[in-house]
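# Structural characterization, general
Below are the chains, spelled out letter by letter.
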Amino acid sequence: MDNVILIGFMGAGKTSIGIKLSYELRIPMEDTDKIIERLEQCKISDIFASRGEEAFRQMETNLLKKLIEDDRKRGDNKLGMVLSVGGGLPLREENRQLMKKLGKVIFLDAGPDTIYDRLKNDTTRPLLQCEDPYRRICDLMEARRQYYEDACTHRVVVDNKKYGDIVKEIVELCK
Ligand code: S3P
């Protein structure tokens, strides 16, 4: 089983869909933010505050390299996993290449209204703690869309769909 990597904007549903997908495919699920928090013993928002965004981005790249190396060591006994990645991880060209080495890359494509609706009361995303989060979502999304499209092997639109239906779509893509 190939790894399945879920990319997309904050709040696109990568974690929730990833959990259901891992259950459906009967493979484990991991999340780059959670692994980094475990390794650093620190919340993402504290990493941003104390060490800055660039240091966090480097942690993301190092982690992808480590996952590829782990897979290489396993040879033909690759485990296969669902990996959801932080919304900004695909911005680096190097990360886009690394993800394609790791497996199928699914872009969960959500519009700004969906994202705003889900994250308007969220306090855990440092990039959205600002005066006008809706504007910030639109601006970031415009700046990022091309990177998500370049990074993915498949795109799945998620607006107005139930998680269960999205999971079915992804399972079909993984066959
Ligand atoms: C970020 C997304 C977050 C997290 C960090 C930065 C981003 O992950 O990695 O706050 O730049 O879009 P989620 O996409 O899981 O929210």
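These remarks concern the structure in this document. (Residues numbered from 1 in each chain as written. Predicted model: local features only at pLDDT ≥ 70, side-chain atom pairs only at ≥ 80, totals over all residues. Heavy atoms only, no water.)

On a plain count of helices and strands, the protein comes out with eight helices and five strands. Secondary structure elements of the protein, listed N to C terminal, follow the sequence β-α-β-α-α-α-β-α-β-α-α-β-α. Since a compact globule built from 175 residues should have a radius of gyration of about 16 Å, the 16 Å found for the protein is in line with a globular shape. If one aligns the C-alpha atoms of the protein with their principal axes, the spans along those axes are about 50 × 35 × 25 Å. Evaluated residue by residue, the protein yields a buried proportion of 46% over its 175 residues. Carbon and sulfur atoms form 48% of the exposed surface of the protein, whose accessible area is close to 9500 Å². (Helix = DSSP H or I, 4+ residues; strand = E, 2+ residues; numbered from the N terminus. Rg over C-alpha atoms; globule rule 2.2 N^0.38 Å. Buried < 20%, exposed > 50% of the residue type's maximum accessible area, 1.4 Å probe, protein only. Areas by Shrake-Rupley, 256 points an atom, 1.4 Å probe, with all protein chains shown as cover.)

Taken together, 14 residues sit near the ligand, with K14, R57, G87, R125 and R144 positioned nearest. With respect to the ligand, the side chain of R57 contributes an N or O atom lying 2.7 Å from an oxygen atom. R125 is positioned such that a nitrogen or oxygen atom in its side chain is 2.7 Å from an oxygen atom of the ligand. About the coverage of the ligand: the protein hides 96% of its 380 Å² of free accessible area. For the shell around the ligand, the secondary-structure elements that each account for two or more residues are α3 (44-51) and α4 (53-74). Partitioned by chemical class, the residues of the shell around the ligand number six nonpolar, three polar and five charged. (Near = heavy atom within 4 Å. Polar contact = N/O pair within 3.5 Å; in protein donor to acceptor, adjacent residues only side chain to side chain. Nonpolar A, V, L, I, M, F, W, Y, C, P; charged D, E, K, R; others polar.)

Take the sheet that holds strand β1 (residues 3-7) next. Overall, parallel pairing links the five strands, which are arranged β2-β3-β1-β4-β5 in an open sheet. In this open sheet, the two strands that pair with only one neighbour each are β2 (29-31) and β5 (154-157). In this sheet, neighbouring strand axes are inclined to one another by 25° on average, regardless of whether the strands run parallel or antiparallel. Examined bridge by bridge, strand β4 (residues 103-109) and β5 share four bridges and lie parallel to one another. What sits directly across from L108, in β5, is V156. (Pairing = 2+ DSSP bridges. Axes fitted to C-alpha atoms, helices over the stretch in contact; angles between N-to-C directions.)

Let's shift gears to the side chain of D71. You can see D71 is positioned in helix α4. If near-sequence neighbours (up to four positions away) are discounted, D71 is found in contact with N3, K78 and L102. (Contact = heavy atoms within 4.5 Å.)

Moving on: the state of the cysteines. This structure, assessed with the given rule, holds zero disulfides. Sulfur of C174: no disulfide; nearest cysteine sulfur belongs to C152 and is 13 Å away. Its relative accessible area of 13% is what places C174 among the buried residues. (Disulfide = S-S within 2.5 Å.)

With a phi close to 55°, R26 is a non-glycine residue in the positive phi region. Positionally, R26 belongs in the loop between α1 (14-25) and β2. Judged by relative accessible area, which is 74%, R26 ranks as exposed. For Q41, which is not a glycine, the phi torsion comes out positive at approximately 55°. Note on placement: Q41 falls in the loop between α2 (32-40) and α3.

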